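Fold and contact review
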Amino acid sequence: MSLTCQEILKNHQPLWQEATVHPFLEGCKQGTITPEQFNTWLVQDYQFVVEFTRMLARILSVAPRHHFDVLLGGLTALKDELNWFQAKAAERNLSLDVAKQRTCEEYSQFLGNLARTPYAVQATGLWAVELAYNQGWQLPGPMPEPYTEFADRWGNSGFTDYVKLLAQQADEMLRDASPEVQKEAEQTVITVAQFEKAFWQMAFNAS
Ligand SMILES: Cc1ncc(C[n+]2csc(CCO)c2C)c(N)n1
């Protein structure tokens, strides 16, 4: 029996909802998030995206050639994204040279350990991490300033298309995967969802 990304989501709907619907995002929408909460998220997410970039590079190194276009597109976008994070931090007079909080550290380590899993599991994990932001920033609807550009960055239709291509690539690998590997892929999505929820909570707690 073959497993798909959509089926994994369906199997864990309540958990996925908690990963993508959080008072932090609702607070951005309502204008009730404090600068301290938002800045904590910004600085920690920059650290996370640095580790994510290393993970994507490792995934590329084991991917089949016909997956390169999508993955290289993701890596190219990250060049711009890392510089954009630095610009946002500078606007807010924030130093990015801060220690990772525990949740950020643990999530980063999880990304590091994904390299030990089969490519099918890595491709599924990559898709889940990207989908979490694509849906999370989209679901509240249009965001007020100064959060509009954050929501647009990950909610825009081009990014949605990229996430769909990641799902296609993961599905293709899951089709030929053993039941054990399929199980590992599903467990990876569960862990991503748990970390996503915890990451929002980490920032929300900074008030
Ligand atoms: C906690 C956390 N989870 C997921 C993402 C999503 N994400 C990771 S790197 C990247 C850039 C585009 O590929 C995006 C959207 C994030 N930023 N932070």
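Definitions and limits used
- Residues numbered from 1 in each chain as written.
- Predicted model: local features only at pLDDT ≥ 70, side-chain atom pairs only at ≥ 80, totals over all residues.
- UniProt positions renumbered as here; feature names shortened; annotations may be inferred.
- Helix = DSSP H or I, 4+ residues; strand = E, 2+ residues; numbered from the N terminus.
- Buried ≥ 20, exposed ≤ 12 C-beta atoms within 10 Å, placed from the backbone.
- Axes fitted to C-alpha atoms, helices over the stretch in contact; angles between N-to-C directions.
- Parallel < 35°, antiparallel > 145°, perpendicular 65-115°, else oblique.
- Left-handed = near helix turned anticlockwise from the far one by under 90°.
- Contact = placed C-beta atoms within 7 Å.
- Core = buried A, V, L, I, M, F, W, Y, C linked by C-beta atoms within 7 Å.
- Expected span 1.5 Å × (residues − 1).

Where an unreviewed UniProt entry is consulted, the protein chain appears under the name Aminopyrimidine aminohydrolase, with the organism given as Laspinema olomoucense D3b. As stated in UniProt under Pathway (unreviewed entry), the record for the protein chain gives "Cofactor biosynthesis; thiamine diphosphate biosynthesis." According to the UniProt record, the Sequence similarities (unreviewed entry) comment for the protein chain is "Belongs to the TenA family."

**Some details on the UniProt feature "domain: Thiaminase-2/PQQC" (unreviewed entry) in the protein chain**
Under the present numbering, the feature "domain: Thiaminase-2/PQQC" (unreviewed entry) in UniProt falls on residues 10-205. When the span residues 10-205 is considered, its composition is 79% helix and 0% strand, and the gap between its end C-alpha atoms is 29 Å.

**A short note on the environment of leucine 166**
As for its position among the elements, leucine 166 is in helix 9 (residues 157-175). The exposure class assigned to leucine 166 is buried, which follows from the 24 C-beta atoms found within 10 Å.

**Brief notes about the packing of helix 4 (residues 35-62) against helix 5 (residues 68-91)**
One can describe the packing of helix 4 onto helix 5 by two numbers: an axis separation of 10 Å at closest approach and a directional angle of 160°. In this view, helix 4 runs roughly antiparallel relative to helix 5, as classed from their interaxial angle. Classified by chirality, the crossing of helix 5 by helix 4 is left-handed. Contacts from Leu42, Val43, Tyr46, Val49, Val50, Thr53, Leu56, Ala57, Ile59 and Leu60 of helix 4 reach helix 5 at Phe68, Leu71, Gly74, Leu75, Leu78, Glu81, Leu82, Phe85, Lys88 and Ala89.

**Describing the nonpolar core**
By size, the foremost hydrophobic cluster in this structure holds 49 residues, and its most contacted members are Trp127 and Ala170. For this core, the secondary structure elements donating two or more residues are helix 1 (5-11), helix 2 (13-20), helix 3 (23-30), helix 4, helix 6 (102-113), helix 7 (119-138), helix 9 and helix 10 (179-204). Considering every element that reaches this core, the biggest residue donor is helix 7, with 10 residues. Excluding anything up to four places from it in sequence, alanine 170 contacts Cys5, Ala123, Thr124 and Trp127.

**Here we look at helix 5**
Between the first and last C-alpha of helix 5 there are 35 Å, a value that for 24 residues agrees with the 34 Å anticipated at 1.5 Å per step. Just downstream of helix 5 lies asparagine 93, where phi reads positive at about 55°.

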